[in-house]
Amino acid sequence: MKSPSRNTRLNQWIQECATLCLPDSVYWCDGSADEYNRLMQQMVASGAAIPIKQRPNSFLFRSDPSDVARVEDRTYISTASQIEAGPTNNWIDPAELKKTMTGFYKGCMRGRTMYVIPFSMGPVGSPLAKIGIEITDSPYVVCNMHVMTRVGTRVLDVLGPDGEFIPCLHSIGAPLEKGQKDVLWPCAPIEQKYISHFPEENLIWSYGSGYGGNALLGKKCLALRIASAAARREGWMAEHMLILRLTNPEGRSFHIAAAFPSACGKTNLAMINPTIPGWKAECIGDDISWMKIGPDGRLYAINPESGFFGVAPGTSYDSNPAAMDTLKQNVIFTNCALADSGDIWWEGFDGPPPGHAIDWKGKDWTPASKVDAAHPNARFTAPARQCPVISPDWEKLDGVPIDIFIFGGRRASVVPLVHEAYNWDHGVFMGSTAASETTAANIGAVGNLRRDPFAMKPFCGYNMGDYFQHWFDMGDKLAARAPRIFYVNWFRKSPEGKWLWPGYSENSRVLKWMCERVSGKAEGRQTPIGILPKDGELDLKGLSIPAQDLAELMKVDAAAWKAELPDIDQHFKQFGGRLPARLGAQLKALKERLG
Ligand code: OXD
Ligand code: MN
């Protein structure tokens, strides 16, 4: 197929990749509904996609059991010197990594089509948007990219003959020899999977996986790892944050950006349905926020994505009605179960489980089965515009002004429901020490406590010590206009293992307190770890939480916090000379406050 682009660098790169990967044909995506439908029909015909009768234009895919989540162990930040990637990233010398991967890419698209996907992260024409071009041999990836990004010819128009783009080369790593029958989810074995980033040349190479963030390269690879490095160079921020707008009964709006590790409820919070009377919430994004200081000195955020790639298990009308309504049509489901009714199903779905289903591995499943019907990292890919609570401003080219940052994670103990930072430096300290129990979003053990600074451990494209410094630099620039910083823990448990806080929509009570702090209506109480709600300040009307549970949720246990200090010290030590002195000062101050 002839190139529709006049961009010399782009055409040359496509030519080089075609020569290396040797696809049977090259196809330039135009982003049309027709294209999407055609590819889906091909995948239905091959058996890779299963139409979901109850949900128009929706399809179920089952991945290979070895290809079910992001592979952090095989994800690389390949900078000229290892120190630039820092201690939290895997590193291989760029020349060596390119040599290894070039070996894999040679002829890797034999028997397949090479799709060229021009996409924009951010609304086309936004001053914050960036253009990427993904090459892939997976039609599943093309369809997902249609939903998650803005794909098409208008992107090539903006790119013009000499515009800048981020090249993203992806292959599932499963060439087809003549006459070889394809499998339903082709991919390479784990030891051949590489998710590689070259931030110094704005380049992404991904090989061997077709799943989520490993393969939809606009998301984690571009919008977080490459963008975070670019943002530092260019003076803006790329963060693993949802964005929401909360409006109080008087009509004042607050914009909140919140960072939580993967599978800790970002999508639920982004689509919250407040239980407090008169408060209204709108969703702007559920995973990534790009932010830049505006002409008025405030920080403005856009959601660079156009869809939700959400964790399915646990999503229900109870936990997230807006997400469920988003999933009525035009959805790609991956690794969910298929009930005999013809509808999808997963653990935590509304109502009783189906009597019989086909599980994510394609096997018979009944409630008596000992295994999950849906993989714990099963996902839905759905257009953001279908979300009933999407903000009318979600595609505003200049973004929305952020008032509040929230950090958090899953912690069964120690960390109270909410506390506010004393100031920006203290907030950066909170973000840099954020910790959470691990989830199924990454391949690896689930439930271990790990420090996940700013929920960016898997996504920071450069030395995290420098990333902390970038937060300080941004705070210095924002000065009095900087957002206020809070830390939450919705996941607190009693010593007997009972949830202490109802979570979900009730989290709006905590958000309300934050807004009242910002507008000077809540006084708070000072504690060694930060500012907590004063007795009676958290609106609990209509909620029956035993006093004892509330006390536990709001408790600052100095001894437990002191016990955390050596671990924070250890965590900081890994950054050596790259750790900003301001973080050391914060740790010292916390030690002193704890007595
Ligand atoms: C995601 C993740 O897919 O963080 O958003 O893993
Ligand atoms: Mn995420």
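See above for the structure.
Here goes a summary of the coordinates provided.

A complete count under the given rule lists 31 aromatic pairs for this structure. Arranged with centres 4.6 Å apart and planes meeting at 35°, the rings of Phe454 and Trp471 form a pair that is tilted. Taken as a pair, Phe454 in the loop between strand 28 (449-451) and helix 12 (464-478) and Trp471 in helix 12 lie far apart in primary sequence, 17 residues in all. Side by side, Phe454 and Trp471 carry an identical accessibility label, which is buried. A connected cluster of aromatic rings, assembled from ring pairs, spans Phe405, Phe407, Trp424, Phe454, Tyr462, Tyr467, Phe468, Trp471 and Phe575.

It is worth spelling out the pairing of strand 9 (residues 194-198) at this point. Buried residues dominate strand 9, accounting for five of its five residues. Here strand 9 shows two buried faces, one formed by Tyr194, Ser196 and Phe198 and the other by Ile195 and His197. The pairing of strand 4 (residues 75-77) with strand 9 spans three bridges and is classified as parallel. Paired with Tyr76 across the strands is Ser196, a residue of strand 9. By the bridge criterion, five bridges tie strand 9 to strand 10 (residues 203-207) in an arrangement that is antiparallel. Counterpart to Tyr194 in the pairing with strand 10 is Tyr207. Hairpin connection between strand 9 and strand 10: a loop of four residues separates the two successive antiparallel strands, and Asn202 in this loop has a positive phi of roughly 50°.

Once that is clear, we can look at the site of ligand 1. Among the 10 residues in the neighbourhood of ligand 1, the closest are listed as Arg70, Lys220, Ser262, Asp287 and Arg379. Interatomic distance of 3.0 Å between a side-chain N/O atom of Arg70 and an oxygen atom of ligand 1. One of the side-chain nitrogen or oxygen atoms of Asp287 is found 3.1 Å away from an oxygen atom of ligand 1. About the coverage of ligand 1: the protein hides 93% of its 210 Å² of free accessible area. Among the residues forming the shell around ligand 1, the class breakdown is three nonpolar, two polar and five charged.

Here we come to the coordination of the manganese ion (ligand 2). Coordination of the manganese ion (ligand 2) by the protein involves Lys220 (NZ), His240 (NE2) and Asp287 (OD), with metal-donor separations of 2.1 to 2.2 Å. All donor residues of the manganese ion (ligand 2) come from one chain, and their arrangement in sequence is K-x19-H-x46-D. Of this pair, Lys220 sits in helix 8 (residues 218-234) while Asp287 sits in the loop between strand 14 (280-285) and strand 15 (289-293), placing them 67 residues apart in sequence. A relative accessible area of 5% means that Lys220 is categorised as buried.

Moving on, we get to the pattern of salt bridges. In the structure shown here, the tally under the stated rule is 38 salt bridges. Note that Lys588 and Glu592 form a salt bridge whose closest N and O atoms lie 3.5 Å from each other. Linking Lys588 with Glu592, this pair stays in helix 16 (residues 581-594), spanning four residues, or about one helical turn. Salt bridges sharing partners connect three or more residues here, namely Lys219, Lys220, Lys266, Asp287 and Glu305.

Calculation rules
- Residues numbered from 1 in each chain as written.
- Chains lettered and ligands numbered in written order.
- Predicted model: local features only at pLDDT ≥ 70, side-chain atom pairs only at ≥ 80, totals over all residues.
- Heavy atoms only, no water.
- Phe/Tyr/Trp six-rings, centres within 6.5 Å; stacked < 30°, edge-to-face > 60°.
- Helix = DSSP H or I, 4+ residues; strand = E, 2+ residues; numbered from the N terminus.
- Buried < 20%, exposed > 50% of the residue type's maximum accessible area, 1.4 Å probe, protein only.
- Pairing = 2+ DSSP bridges.
- Near = heavy atom within 4 Å.
- Polar contact = N/O pair within 3.5 Å; in protein donor to acceptor, adjacent residues only side chain to side chain.
- Areas by Shrake-Rupley, 256 points an atom, 1.4 Å probe, with all protein chains shown as cover.
- Nonpolar A, V, L, I, M, F, W, Y, C, P; charged D, E, K, R; others polar.
- Donors = N, O, S within 2.8 Å, 3.2 Å for Na, K, Ca; no water.
- Salt bridge = Lys/Arg side-chain N within 4 Å of Asp/Glu carboxyl O.

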